[in-house]
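# Chains, contacts and geometry: an overview
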Amino acid sequence: EGFSILLYGFGSKRSVIEQFRKDRLKDRHYHVVVNGFFPDLTLKQLLSQISIGLFGEAVSCSNPVSFCQMIKDALDRRREFPTQFFLLINNIDGPRLQTEKAQMVLSLLAALPVFHVVASVDHVNAPLLWDQVKADRFNWLWYDTTTYEAYEEETSYENSLLVQGGESNALTAIKHVLSGLTPNARAIFLFLCRHQLDHQKDSSYKGLSFHGLYRACREQFLVNTDMTLRAQLIEFRDHKLIGSKKGQDGVEMLMATAIPSVLKQVVDDCS
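The model shown is predicted, which means the values in this text are computed figures rather than measured ones.

## Overview of the sheet that holds strand β6 (residues 208-209)
Read from one edge to the other, the open sheet built from three strands follows the order β6-β8-β7, with strand pairing classed as antiparallel. In this open sheet, the two strands that pair with only one neighbour each are β6 and β7 (242-246). Strand direction decides the pairing type here: β7 and strand β8 (residues 252-256), joined by five bridges, are antiparallel. Across the sheet, K246 pairs through a bridge with E252, a residue of β8. The strands touched by helix α8 (residues 183-198) are β6, β7 and β8; relative to β8, the strand with the most contacts, the crossing angle is about 95°.

## A few points about the pattern of salt bridges
The full count for this structure, using the stated rule, is seven salt bridges. The partner of D131 in a salt bridge is K134, with the nearest N and O atoms 3.1 Å apart. Note on D131: relative accessible area 38%, which makes it partly exposed. You can call K134 buried: its relative accessible area is 3%. A salt bridge links D269 to K175; the shortest N-O distance between them is 3.3 Å. One end of the pair, D269, is in helix α11 (residues 260-270); the other, K175, is in helix α7 (residues 166-179), and 94 residues separate them in sequence. By sharing partners, the salt bridges in this structure join E100, D131 and K134 into a single network.

## Quick word on unusual backbone geometry
Note on backbone geometry: most residues besides glycine have negative phi, and most peptide bonds are trans. Even without glycine at this site, N139 takes up a positive phi of about 55°. For N139, the position within the fold is in the loop between α5 (132-138) and β5 (140-144). Judged by relative accessible area, N139 falls into the partly exposed class, the value being 28%. For Y148, which is not a glycine, the phi torsion comes out positive at approximately 60°. Within the fold, Y148 resides in the loop between β5 and α6 (152-164). Relative accessible area serves as the criterion here: at 58%, Y148 is assigned to the exposed category.

## A closer look at the pairing of strand β3 (residues 85-90)
Here β3 lies mainly inside the structure; six of its six residues are buried. The two faces of β3 match: F85, L87 and I89 on one face and F86, L88 and N90 on the other face are all buried. The sheet contact formed by strand β2 (residues 30-35) and β3 spans six bridges and is parallel. Bridging from a neighbouring strand, V33 pairs with L88 of β3. Of the pairings in the sheet, the one linking β3 to strand β4 (residues 115-120) comprises five bridges and is parallel in character. Opposite L87, over in β4, you have V117 as the bridge partner.

## A closer look at the pairing of β8
Bridge count for β6 against β8 is two bridges, and the pairing is antiparallel. Across the sheet, the residue bridging to L208 is L254, located in β8. The antiparallel hairpin formed by β7 and β8 contains five residues in its connecting segment, where G250 sits at a positive phi of about 85°.

## A look at the packing of α8 against α11
Where α8 contacts α11, the axes come no closer than 10 Å and their chain directions differ by 130°. Viewed along their axes, α8 and α11 adopt a mutual orientation that is oblique. For the element pair α8 and α11, the recorded crossing hand is left-handed. Where α8 abuts α11, its residues F189, L190, C193, R194, Q196 and L197 lie against P260, L263, K264, V266, V267 and C270. The class makeup of the residues in the contact of α8 with α11 is nine nonpolar, one polar and two charged.

## Topic: α11
For the α-helix, the turn length of 3.6 residues means that residues three or four positions removed from each other point alike. Residues of α11 that are buried include every one of V262, L263, V266 and V267, and no others. The buried residues of α11 occupy one face: seen down the axis, they fall within an arc of 135°.

## Some thoughts on the environment of D131
Note on placement: D131 falls in the loop between β4 and α5. Here the alpha-carbon distance between D131 and M104, two residues 27 residues apart in the chain, equals 9.8 Å. A polar contact is formed between the side chain of D131 and the backbone nitrogen of V133, at a distance of 3.2 Å.

## Some thoughts on the state of the cysteines
Note on terminology: a disulfide is the covalent bond linking the sulfur atoms of two cysteines. Overall, the coordinates contain zero disulfides when judged by the stated rule. No disulfide involves C270; its sulfur sits 8.5 Å from the nearest other cysteine sulfur, which is in C193. We classify C270 as partly exposed; its relative accessible area is 37%.

Quick notes on the rules
Residues numbered from 1 in each chain as written. Predicted model: local features only at pLDDT ≥ 70, side-chain atom pairs only at ≥ 80, totals over all residues. Heavy atoms only, no water. Pairing = 2+ DSSP bridges. Helix = DSSP H or I, 4+ residues; strand = E, 2+ residues; numbered from the N terminus. Contact = heavy atoms within 4.5 Å. Axes fitted to C-alpha atoms, helices over the stretch in contact; angles between N-to-C directions. Salt bridge = Lys/Arg side-chain N within 4 Å of Asp/Glu carboxyl O. Buried < 20%, exposed > 50% of the residue type's maximum accessible area, 1.4 Å probe, protein only. Parallel < 35°, antiparallel > 145°, perpendicular 65-115°, else oblique. Left-handed = near helix turned anticlockwise from the far one by under 90°. Nonpolar A, V, L, I, M, F, W, Y, C, P; charged D, E, K, R; others polar. Arc of directions from axis to C-beta. Polar contact = N/O pair within 3.5 Å; in protein donor to acceptor, adjacent residues only side chain to side chain. Disulfide = S-S within 2.5 Å.

Right, here's the structure in full:
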């Protein structure tokens, strides 16, 4: 039917795509795996991977659109080409794949008869990447694939930015994560940031207790159960946005991990 598969939902979906690759594609069908969350990924590298999978060697082409046409022409000419080629993309909404050109090229490939795209998204605004033309080319079938698995591989680069990259990179990393959260989740994190900034001059401040945060979030209609908040805190931890430690009375205290100047900039930018 020419459909592409799009996995969405809370939690990393890398293991789902990898299991599909092992069970259905390995030693059976030509396929390429692309990690869209990789910060140094380029469109040229992506097309090079695909050409190696198809032709057995990297094929250079200055124009990505011409590259797609070249593949189409080659498929029309050569019968020995694979009848099915799978493109597996972890985070098609990754930072380096969010450009107009990248999505246009991927949609053109998805529209080729032999190409089958299986991809995942994590940002709530991911559908905005595709106008009607691109959406028609991809012809997505959306599957809720909530796994609750930690974003360990996906966030390893964010952690590097947050801890080692200085204020500018830390701010960029946090804003990137926030852009993929729901409005309520963003509001919860921003409340925690404001609370921390309000107490930054208090040397005895150890953070905000879970129950204190839950009470405030309930009052603002951001969550309706403590389980909802706990699930959201797991996502914050996976993205290295918050940390926690237990006080002397054994109560868990929550704090944002970034330094105050970065937190203030985040709050100001989101106000």
